[in-house]
Amino acid sequence: MAKNTICLWYDKDAEAAARFYSEIFPDSAVGAVHRAPGDYPAGQEGDVLTVEFTVAGISCLGLNGGPAFKHNEAFSFQIATDDQEETDRYWNAIVDNGGQESACGWCKDKWGVSWQITPRVLMEAMAAGGDQAKRAFDAMMEMKKIDVAAIEAARRG
């Protein structure tokens, strides 16, 4: 296990979530699956308790802790994309598999984990500052999934 690991609380589907993420994102994998050595409030001995996994190079631990805590937008994975094809692939994989769209490049997967699918062109426009950033920001504010061509056009004015 890595020295610093993000722990994500799931009701009961940590292994399914880890496998889903590993199928979508490069540099992702499912590692060790640990079963409960005894009964616990959210499960029984032998149930999957924790799952070690990596999402786009980030070490994570999925904990099947039961329904007590829910994911919210205070935590999200931000995935930088190089073009519209990559943006569409990740967005559609999340939204079309029980997830939901939000605004400004944000969506949630079916477990409630928030994702920002963010084209690099948008981040570059914001970093450029000035009128270019303002135009790109205004365009983004009208979007759900980010439209790379529309951001590029906004940057140009």
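Going by the structure above, here's the rest.
From a predicted model like this one, the values you see are computed outputs, not experimental measurements.

Visitor: Any chance you could explain the sheet that holds strand β8 (residues 114–119) here in plain terms?
Guide: Adjacent strands of a sheet pair through backbone hydrogen bonds, lying either parallel or antiparallel. With mixed pairing, four strands are arranged side by side in an open sheet as β5-β8-β7-β6. For this open sheet the edge positions go to β5 (76–81) and β6 (100–101), each flanked by a neighbour on one side alone. Two strands pair when backbone bridges link them, and strand β7 (residues 106–108) and β8 are joined in this way by three bridges, in the antiparallel orientation. Paired with lysine 108 across the two strands is serine 114, which belongs to β8. Against the sheet, helix α2 (residues 84–95) engages β5, β6, β7 and β8, with an angle of about 165 degrees to β8.

Visitor: Quick question: what am I supposed to make of the packing of helix α3 (residues 120–128) against helix α5 (residues 148–156) here?
Guide: When two helices pack together, you describe them by how their axes are tilted relative to each other and by the distance separating the axes. The geometry of α3 relative to α5 is characterised by a closest axis approach of 9 Å and an angle of 20 degrees between their N-to-C directions. In terms of axis orientation, α3 runs roughly parallel to α5. The interaxial crossing formed by α3 with α5 has left-handed handedness. Residues Val121, Leu122, Glu124, Ala125 and Ala128 of α3 form the contact with α5, whose own contacting residues are Val148, Ile151, Glu152 and Arg155. Class assignment of the residues belonging to the contact of α3 with α5 gives a composition of six nonpolar, no polar and three charged.

Visitor: For this particular structure, what's the right way to read the nonpolar core?
Guide: Burial of nonpolar side chains together is a common tendency in soluble globular proteins. Ranked by size, the top nonpolar core spans 26 residues in total, and within it Tyr10, Tyr21, Phe25, Phe53, Val55, Trp115 and Ile117 carry the most contacts. At the level of secondary structure, the elements contributing two or more residues to this core comprise β1 (6–10), α1 (14–24), β3 (48–55), β5, α2 and β8. What tyrosine 10 contacts, discounting residues up to four positions off in sequence, is Ala17, Tyr21, Phe53, Gly62, Leu63, Asn64, Gly65, Gly66, His71, Trp111 and Val113.

Reading guide: rules and limits
- Residues numbered from 1 in each chain as written.
- Predicted model: local features only at pLDDT ≥ 70, side-chain atom pairs only at ≥ 80, totals over all residues.
- Heavy atoms only, no water.
- Pairing = 2+ DSSP bridges.
- Helix = DSSP H or I, 4+ residues; strand = E, 2+ residues; numbered from the N terminus.
- Contact = heavy atoms within 4.5 Å.
- Axes fitted to C-alpha atoms, helices over the stretch in contact; angles between N-to-C directions.
- Parallel < 35°, antiparallel > 145°, perpendicular 65-115°, else oblique.
- Left-handed = near helix turned anticlockwise from the far one by under 90°.
- Nonpolar A, V, L, I, M, F, W, Y, C, P; charged D, E, K, R; others polar.
- Core = buried A, V, L, I, M, F, W, Y, C linked by side-chain atoms within 4.5 Å.
- Buried < 20%, exposed > 50% of the residue type's maximum accessible area, 1.4 Å probe, protein only.

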